[in-house]
Amino acid sequence: WYETFPVAAADPASPSVGSILFIGDSVAESIASEFAAIVTPAYPTMNFQACAGRGMAGAGCLFAVTAPTINSDGVGVVNTLDAPAIAIVELGYNDDPATFEGEVQQILAALISKAVQRVIFVNMSTRSTKRNYAKSNEVLAAAAAKNPGISIFDWNAASSAPSQNRWFSDDVHLTSTGRSEFTLFIRNQLDALRAQNIITNGVATVLPLGVPMAK
């Protein structure tokens, strides 16, 4: 059985949104066609960068890629490209939770140096028994709590029900149903931020590390 969902382009009355850089791993790579059909029409200034094996820092693509995909870790992708208004980071499955906090700080430093308006982290499903992704998700939540320019798309909560196990082909990767659900999740989350004027064409709001939030 299946369901159908109407997917429309953005409402012409919606606030304009600046350029978006999406950086992902094999989970994101698996939704490339769905992403192009569901997300990109509403956010046309999208640079989709995804490859298997990519980590936040230190782990590049496992296999050969062709342009415009960049064969690098997340930090390298940020440093290679022009500054986007918004960065969406779907990484972490290929990173060690024990060193994840330092890697998150590296990619934030790279994004802050380019005056990115907003950073959005997509957190991880915690189904895996091989790696403690709950610990990595805590790192992302802590970063968002400290910085008003960071948002979290809580994929773990959105996909954690036992009935949603059918979305996963293993502890991390997605079935065809899961790929559709994950893509719709990203689109809906972006639309919610857009409706609240959290993602716009405005000025940078991500604070440099260590800068006080008030005088």
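Each remark here, short or long, concerns the structure printed above.
Summarised in this report is the structure supplied together with it. Values in this document were obtained by computation on a predicted structure and should not be read as measured data.

Each helix and strand in the protein was counted, giving seven helices and five strands. For the protein, the N- to C-terminal ordering of α and β elements is β-α-α-β-α-β-α-β-α-β-α-α. Scaling as 2.2 N^0.38, a compact globule of 215 residues should have a C-alpha radius of gyration of about 17 Å, and the protein matches this with 16 Å. Dimensions of the protein along its principal axes, counting C-alpha atoms only, are 55 × 45 × 35 Å. The contacts of the protein with a sequence gap of at least 6 include a subset with a gap of at least 24, amounting to 73%. In the protein, the 13 positive side-chain charges and the 18 negative ones have mean positions that sit 4 Å from each other.

For helix α7 (residues 176–195), spanning 20 residues, the distance from its first C-alpha to its last is 29 Å, which sits close to the expected 28 Å at 1.5 Å a residue. Three or more residues of α7 are buried, namely Gly-178, Glu-181, Phe-182, Thr-183, Leu-184, Phe-185, Ile-186, Arg-187, Leu-190, Leu-193 and Arg-194. Where α7 ends, the next residue or the one after it, Asn-197, has phi of about 60 degrees, a positive value.

Tallied over the full model, the rule gives two salt bridges. Glu-34 is the partner of Arg-179 in a salt bridge, and the nearest nitrogen-oxygen pair spans 3.6 Å. You can see Arg-179 sitting in helix α7 and its partner Glu-34 sitting in helix α2 (residues 32–38), a full 145 residues away along the chain. Take Glu-34: its relative accessible area is 17%, and that puts it in the buried class. Between Arg-187 and Asp-191 there is a salt bridge, with the nearest N and O atoms lying 2.9 Å from each other. Note that Arg-187 and Asp-191 are positioned in helix α7 at a spacing of four residues, about one turn of the helix. Taking relative accessible area as the criterion, Arg-187 reaches 7% and is therefore assigned buried. For Asp-191, a relative accessible area of 27% gives the class partly exposed.

Calculation notes
- Residues numbered from 1 in each chain as written.
- Predicted model: local features only at pLDDT ≥ 70, side-chain atom pairs only at ≥ 80, totals over all residues.
- Heavy atoms only, no water.
- Helix = DSSP H or I, 4+ residues; strand = E, 2+ residues; numbered from the N terminus.
- Rg over C-alpha atoms; globule rule 2.2 N^0.38 Å.
- Contact = heavy atoms within 4.5 Å.
- Lys, Arg positive; Asp, Glu negative; His and termini not counted.
- Charge placed at Lys NZ, Arg CZ, Asp CG, Glu CD.
- Expected span 1.5 Å × (residues − 1).
- Buried < 20%, exposed > 50% of the residue type's maximum accessible area, 1.4 Å probe, protein only.
- Salt bridge = Lys/Arg side-chain N within 4 Å of Asp/Glu carboxyl O.

Purely geometric numbers; function is a separate question.
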